[in-house]
Amino acid sequence: MGGSSGNRSTLYRVIMSTDIIPISRPLFALVDVNNFYVSCERAFNPDLVNQPVVVLSNNDGCAVARSNEVKALGVKMGTPWFQLKELAKQHGIVALSSNYTLYGDMSNRVMTILRDFSPHVEVYSIDECFLGLQGLGSLWPIPTGIGQTIRHRIRQWTTLPVCVGFGTTKTLAKLANHIAKKQPSFNGVCDLSTMPHEQFEAWLSTIEVGEVWGVGRQLSLHLNAAGIKTVQALRATPPAWLRAKFGVVMERLGYELRGISCLALEELSAPKKQIISSRSFGQLIDSLTELSESVASFTSSAAERLRRQNSVCNAIQVFIQTNPFREQDKQYSNCMTVPLPNASSDTRLLVRAALFGPKRIYRPGYAYKKAGVILTGIDSAAVHQESLFTLHGAGNRSAKLMSVLDQLNQRYGRETVAIFSVSKNKPWMMQQKNRTPCYTTNWQDVPIAYAH
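The structure displayed is predicted, hence computed values, not measured ones. By convention here, each chain's residues receive numbers from 1 onward along its written sequence. Note on the predicted model: pLDDT of at least 70 is required for a residue's local features to be given, and 80 or more for side-chain atom pairs to be given and counted; whole-chain, interface and lining totals, by contrast, use all residues. With hydrogens and water excluded, all non-hydrogen atoms of the structure serve as input to the side-chain values.

Student: Talk me through the state of the cysteines; I want residue IDs and the actual numbers.
Tutor: Pairs of cysteine sulfur atoms within 2.5 Å are what we label disulfides. Taken as a whole and judged by the stated rule, the model has 0 disulfides. With no disulfide partner, Cys 313 has as its closest neighbouring cysteine sulfur the one in Cys 335, 16 Å distant.

See the structure below:
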């Protein structure tokens with residue numbers, strides 16, 4: 001026993017001092033779609049290729065996606081569109097409204113393709129995905145081989161350009177993807193797991209510490225103040241010191257940069273403990289009727305997401321607010337939490353409860369800019385404790401009705417069947433003046449190819 005413990009200790013010191021990783025080391029890949037929103041738009045409109053394009057946020061407010069041509073003009077993420085209009089005239093920038101239905105469907109197509117390469121998949125965001133490749137060495141002996149195959153297949157099947165990064169930890173895979181994006185010499189694929197040690201350290205010494213996954217702006221400032229300005233400097237910092245100064249999360253990050261995996265793949269996303277559905281209105285509204293319509297619509301959307309994760313909630317919070325940026329207007333905001341008689345995911349009960357909110361907190365004489373709902377007290381529908389009294393919006397009849405409701409809306413479009421009747425004129429709907437068609441999810445929007 002004593003000799004075995006000593007060998008393990010020696011091995012650990014070797015790993016820490018020279019970064020030699022055992023043969024059975026894990027291997028991660030991070031696949032990231034380049035300029036995702038813009039690339040989705042270009043997939044169905046080739047005229048946008050090589051043109052400066054921005055995709056705007058809700059109500060066409062700020063730039064949330066920029067093509068490389070726009071980035072070259074110095075436009076930063078989040079820049080308000082009204083500030084870009086003069087620049088847009090000079091350089092012919094095309095501004096498009098966000099088309100989240102299209103982006104979500106294209107994301108699903110990419111993730112489906114990636115599941116052909118590994119059974120271990122973590123969908124990290126709408127345009128990023130981690131793959132676990134440990135044990136697949138016989139299929140893909142060279143990581144860059146699988147990386148280029150992934151790139152070519154996604155490009156061929158969806159037209160979307162992606163970059164792939166490989167590392168023995170998720171953090172290193174993230175860094176590898178960053179290098180693959182920034183350095184054309186890697187041809188879209190960077191493998192840090194087999195890169196020579198000197199070259200590996202040279203690359204890390206050129207990357208600012210703020211580019212490390214999990215290092216935000218404030219933490220980056222603190223690290224810079226401590227003399228840690230590059231990824232290589234952070235990697236060389238003893239993890240124990242990082243823990244003493246910044247906590248256990250930074251300690252894990254230090255080990256990850258040294259090639260010791262601390263972050264496992266999260267192949268099953270945990271159910272959300274809170275579901276928020278809110279949006280700024282396309283124009284200011286001042287009537288209780290319009291405010292109630294928006295709250296009912298947001299509640300229906302939140303209830304659908306609640307059922308999708310097989311959960312129920314015990315309370316719903318409703319909030320409303322005016323526009324804080326319009327200093328010339330009277331300002332008002334308020335919220336109200338409405339407890340449910342029993343846990344439920346039934347849209348009928350949730351809408352009924354949510355509508356108590358506007359009735360109680362609405363004040364006439366104000367111009368409202370935003371409203372929303374928050375579902376709280378979320379439990380699993382399979383294990384939550386039943387009420388001893390009459391159930392409202394629960395039981396088999398409720399579950400079957402909501403299942404039919406979701407199927408109809410999924411097949412024929414959102415709000416084909418709705419619980420709350422709304423007027424045809426919806427001033428609270430967000431502005432999407434330049435939204436492109438939903439090419440892949442609406443039969444009316446499917447492109448038609450004509451033979452000459």
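Student: Quick rundown of a nonpolar patch on the surface? Include the residues and the values.
Tutor: Candidates for patches are residues over 30% relative accessible area with no salt bridge; among them, like charges are joined within 9 Å and nonpolar side chains (Val, Leu, Ile, Met, Phe, Trp, Tyr) within 5 Å. In this description, accessible areas are obtained by the Shrake-Rupley approach with a 1.4 Å probe, and a residue is regarded as covered only by the protein chains that are shown. For this document, the term salt bridge refers to a Lys or Arg side-chain nitrogen within 4 Å of an Asp or Glu carboxyl oxygen. On the surface, Val 404, Leu 408, Tyr 412 and Val 417 cluster together to form a nonpolar patch covering roughly 340 Å² of accessible area. For Val 417, the position within the fold is in the segment after α16 (396–412). Counting from the N terminus, the helices are the DSSP runs of H or I reaching at least four residues and the strands are the DSSP runs of E reaching at least two.

Student: Tell me about the packing of aromatic side chains, and name the residues and values.
Tutor: For any two aromatic rings, the description comes down to two numbers: the centre-to-centre distance and the angle of the planes. We call Phe, Tyr and Trp rings a pair once their centres come within 6.5 Å, taking the six-membered ring for Trp, and we label the pair stacked below 30 degrees between planes, edge-to-face above 60, and tilted otherwise. Under the counting rule described, the total for this entry stands at 15 aromatic pairs. Ring geometry for Tyr 37 and Tyr 100: centres 6.3 Å apart, planes at 75°, overall edge-to-face. Of the two residues, Tyr 37 sits in helix α2 (residues 36–44) while Tyr 100 sits in helix α5 (residues 100–114), which places them 63 residues apart along the sequence. Only protein chains enter the accessibility calculation, which uses a 1.4 Å probe. A residue is then buried if its area is under 20% of the maximum for its type, exposed if over 50%, and partly exposed in between. Using a relative accessible area of 17% as the deciding quantity, one classes Tyr 37 as buried. When the ring of Phe 44 is compared with that of Tyr 439, the centres are 4.6 Å apart and the planes differ by 10°; the resulting orientation is stacked.

Student: Can you tell me about the environment of Pro 339, naming the residues and giving the values?
Tutor: Assignment of secondary structure puts Pro 339 in strand β11 (residues 333–344). Given the relative accessible area of 62%, Pro 339 is considered exposed. Each C-alpha atom of the pair Pro 339 and Ala 353 lies 7.9 Å from the other, and the pair is 14 residues apart in sequence. Sequence-distant contacts of Pro 339, defined by excluding residues within four places in its chain, comprise Asn 314 and Ala 315. Here a residue-residue contact requires only that any non-hydrogen atoms of the pair lie within 4.5 Å.

Student: Tell me about the packing of helix α7 (residues 170–182) against helix α12 (residues 248–257), and name the residues and values.
Tutor: Interaxial distance between α7 and α12 falls to 7 Å at its minimum, and their mutual angle equals 65°. By the angle between their axes, α7 is roughly perpendicular relative to α12. Taken as a pair, α7 and α12 cross one another with a handedness that is right-handed. On α12, the residues that touch Lys 170, Thr 171, Leu 172 and Leu 175 of α7 are Leu 253, Glu 256 and Leu 257. Partitioning the contact of α7 with α12 into residue classes produces 4 nonpolar, 1 polar and 2 charged. What counts as an axis is a line fitted to C-alpha atoms, over the stretch in contact for a helix, and the angles between N-to-C directions run from 0 to 180 degrees. Roughly parallel refers to an angle under 35 degrees, roughly antiparallel to one over 145, roughly perpendicular to one between 65 and 115, and oblique to any angle outside these ranges. Helix crossings get a hand from a simple test, with the near helix turned counterclockwise from the far one by less than a right angle marking a left-handed crossing and a clockwise turn marking a right-handed one. Classification convention: Asp, Glu, Lys, Arg as charged; Ala, Val, Leu, Ile, Met, Phe, Trp, Tyr, Cys, Pro as nonpolar; all other residues, Gly among them, as polar.

Student: So, unusual backbone geometry: which residues are in play, and what are the values?
Tutor: Unusually for a residue other than glycine, Asn 50 sits at a positive phi of about 70°. Residues other than glycine seldom take positive phi values, yet Asp 60 does so here, at roughly 55°. Assignment of secondary structure puts Asp 60 in the loop between β2 (53–56) and β3 (63–66).

Student: Pulling in residues and values, what's your account of the sheet that holds strand β8 (residues 189–191)?
Tutor: The strands making up a sheet are joined through hydrogen bonds of the backbone, oriented either antiparallel or parallel. Here we have 5 strands laid out as an open sheet, ordered β5-β6-β1-β7-β8, and mixed in their pairing. Each having just a single partner strand, β5 (120–125) and β8 make up the two edges of the open sheet. On average, adjacent strands in this sheet sit at an angle of 15° to one another, irrespective of strand direction. Note that β5 and strand β6 (residues 128–132) share 5 bridges and pair antiparallel. Here, strands pair whenever DSSP counts at least two bridges between them.

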